[in-house]
Amino acid sequence: MKIPDYLNARILFVIDRCNHCRLYKEFIERINLKLPFDKRIIIVDCTRYYDFGIIDHPLILKYNKYVKGQFPVLFFGGFKLSGADSRETLEAFVKTLVYPDFKQ
(Lines give C-alpha, C1' and ligand atoms only; values in the text may rest on other atoms or scores of the structure.)
Protein backbone atom coordinates (compact mmCIF):
# COMPACT_ATOMS: atom_id res chain seq x y z
CA MET A 1 0.00 0.00 0.00
CA LYS A 2 1.41 3.36 -1.03
CA ILE A 3 1.45 6.07 1.63
CA PRO A 4 -0.20 9.23 0.27
CA ASP A 5 2.16 12.06 -0.61
CA TYR A 6 0.18 14.48 1.51
CA LEU A 7 0.47 12.57 4.80
CA ASN A 8 2.81 15.11 6.44
CA ALA A 9 2.14 18.03 4.10
CA ARG A 10 1.09 21.55 5.06
CA ILE A 11 0.07 22.97 1.70
CA LEU A 12 -2.75 25.22 0.55
CA PHE A 13 -3.63 25.30 -3.16
CA VAL A 14 -5.51 28.39 -4.34
CA ILE A 15 -6.36 30.26 -7.54
CA ASP A 16 -7.15 33.90 -8.22
CA ARG A 17 -10.71 35.09 -8.83
CA CYS A 18 -12.06 32.50 -6.40
CA ASN A 19 -14.15 33.80 -3.52
CA HIS A 20 -13.53 30.69 -1.44
CA CYS A 21 -9.75 30.97 -1.90
CA ARG A 22 -9.97 34.60 -0.86
CA LEU A 23 -11.29 33.49 2.53
CA TYR A 24 -8.08 31.56 3.22
CA LYS A 25 -5.85 34.34 1.90
CA GLU A 26 -7.34 36.77 4.43
CA PHE A 27 -5.83 35.02 7.45
CA ILE A 28 -3.34 32.31 6.48
CA GLU A 29 -0.29 34.61 6.31
CA ARG A 30 -0.97 35.96 9.81
CA ILE A 31 -1.09 32.42 11.12
CA ASN A 32 2.14 31.57 9.28
CA LEU A 33 3.90 34.46 11.03
CA LYS A 34 3.24 32.81 14.39
CA LEU A 35 4.66 29.45 13.30
CA PRO A 36 8.27 28.27 13.12
CA PHE A 37 9.66 28.33 9.59
CA ASP A 38 9.54 24.54 9.13
CA LYS A 39 5.92 24.33 10.34
CA ARG A 40 4.40 26.98 8.07
CA ILE A 41 1.67 26.27 5.56
CA ILE A 42 2.94 26.58 1.99
CA ILE A 43 0.60 28.55 -0.26
CA VAL A 44 0.68 27.48 -3.89
CA ASP A 45 -1.10 29.67 -6.45
CA CYS A 46 -2.28 27.46 -9.32
CA THR A 47 -3.85 30.20 -11.44
CA ARG A 48 -1.24 30.14 -14.22
CA TYR A 49 -1.33 26.36 -14.40
CA TYR A 50 -5.09 26.12 -14.88
CA ASP A 51 -5.35 29.18 -17.13
CA PHE A 52 -2.25 28.75 -19.32
CA GLY A 53 -0.61 25.43 -18.44
CA ILE A 54 2.42 27.17 -16.88
CA ILE A 55 3.97 25.20 -14.04
CA ASP A 56 5.52 27.76 -11.71
CA HIS A 57 5.74 25.58 -8.59
CA PRO A 58 6.99 21.96 -8.45
CA LEU A 59 4.24 20.92 -6.04
CA ILE A 60 1.56 21.59 -8.66
CA LEU A 61 2.39 18.46 -10.67
CA LYS A 62 3.03 16.34 -7.60
CA TYR A 63 -0.36 17.10 -6.06
CA ASN A 64 -2.42 17.59 -9.24
CA LYS A 65 -3.96 14.13 -8.91
CA TYR A 66 -5.25 15.02 -5.42
CA VAL A 67 -6.41 18.56 -6.21
CA LYS A 68 -8.36 17.67 -9.38
CA GLY A 69 -9.23 21.29 -10.15
CA GLN A 70 -11.14 21.89 -6.91
CA PHE A 71 -10.09 24.99 -5.01
CA PRO A 72 -9.20 25.83 -2.32
CA VAL A 73 -7.60 22.61 -1.09
CA LEU A 74 -5.70 22.38 2.19
CA PHE A 75 -3.48 19.38 2.89
CA PHE A 76 -2.52 19.22 6.54
CA GLY A 77 -1.06 16.19 8.31
CA GLY A 78 -3.04 13.59 6.40
CA PHE A 79 -6.21 15.66 6.12
CA LYS A 80 -7.52 17.01 2.84
CA LEU A 81 -9.96 19.89 3.23
CA SER A 82 -11.67 21.09 0.05
CA GLY A 83 -13.80 24.17 -0.31
CA ALA A 84 -14.56 26.82 2.25
CA ASP A 85 -17.41 27.67 4.56
CA SER A 86 -16.92 31.00 6.28
CA ARG A 87 -13.80 32.92 7.19
CA GLU A 88 -14.40 32.54 10.92
CA THR A 89 -14.93 28.79 10.69
CA LEU A 90 -11.86 28.27 8.52
CA GLU A 91 -9.64 30.43 10.70
CA ALA A 92 -10.75 28.63 13.87
CA PHE A 93 -10.19 25.25 12.24
CA VAL A 94 -6.71 26.08 10.96
CA LYS A 95 -5.69 27.67 14.29
CA THR A 96 -6.80 24.50 16.05
CA LEU A 97 -4.66 22.38 13.72
CA VAL A 98 -1.51 24.50 14.18
CA TYR A 99 -1.99 25.52 17.83
CA PRO A 100 0.63 23.09 19.21
CA ASP A 101 3.21 24.63 16.86
CA PHE A 102 2.65 28.30 17.74
CA LYS A 103 5.74 30.19 18.91
CA GLN A 104 5.64 31.18 22.54
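Small disclaimer: the values here were computed from a predicted structure and weren't measured.

1. Thoughts on helix H5 (residues 87-98)
With 12 residues, H5 extends 16 Å between its outermost C-alpha atoms, agreeing within 8% with the 16 Å of an ideal straight helix rising 1.5 Å per residue. Among all positions of H5, only Leu90, Glu91, Val94 and Val98 are buried. For H5, the buried positions fall inside an angular range of 95° around the axis, keeping them on one side. Turned more than 90 degrees off the buried face of H5, the exposed positions are Glu88 and Thr96. Contact partners of the buried residues in H5: strand E1 (10-14), helix H1 (19-25), helix H2 (28-33), strand E3 (73-76) and strand E4 (79-82).

2. Thoughts on the pattern of salt bridges
Using the criterion set out here, one finds nine salt bridges in the structure. A salt bridge links Glu26 to Arg87, with the nearest nitrogen and oxygen atoms 2.9 Å apart. Of this pair, Glu26 sits in the loop between H1 and H2 while Arg87 sits in helix H5, and the two are 61 residues apart along the sequence. A salt bridge links Glu91 to Arg87; its shortest N-O distance comes to 2.9 Å. You can see Glu91 and its partner Arg87 sitting in helix H5, four residues apart, about one turn around the helix.

3. Examining the sheet that holds E3
Spatial strand order, E2-E1-E3-E4: four strands in an open sheet with mixed pairing. Of all strands in the sheet, those bounded by a partner on one side alone are strand E2 (42-45) and E4. Direction aside, the axes of adjacent strands within the sheet are offset by 15° on average. Where E3 lies against E4, four bridges are found, and the strand directions are antiparallel. Looking at E4, one finds that Leu74 is bridged to Leu81. Helix-sheet contacts for helix H4 (residues 58-67) involve E1, E2, E3 and E4, and the interaxial angle to E1 is about 80°. Packed on one face of the sheet, H5 meets E1, E3 and E4 and runs near 15° to E3.

4. Quick word on the environment of Val98
Locating Val98 in the fold gives a position in helix H5. For Val98, a relative accessible area of 0% puts it in the buried group. Taking the C-alpha atoms as reference points, Val98 and Ile41, separated by 57 residues in sequence, lie 9.4 Å from one another. Residue contacts for Val98: discarding those within four places in its chain leaves Arg10, Ile31, Leu35, Ile41 and Phe76.

Scoring rules and cut-offs
- Residues numbered from 1 in each chain as written.
- Predicted model: local features only at pLDDT ≥ 70, side-chain atom pairs only at ≥ 80, totals over all residues.
- Heavy atoms only, no water.
- Helix = DSSP H or I, 4+ residues; strand = E, 2+ residues; numbered from the N terminus.
- Expected span 1.5 Å × (residues − 1).
- Buried < 20%, exposed > 50% of the residue type's maximum accessible area, 1.4 Å probe, protein only.
- Arc of directions from axis to C-beta.
- Contact = heavy atoms within 4.5 Å.
- Salt bridge = Lys/Arg side-chain N within 4 Å of Asp/Glu carboxyl O.
- Pairing = 2+ DSSP bridges.
- Axes fitted to C-alpha atoms, helices over the stretch in contact; angles between N-to-C directions.

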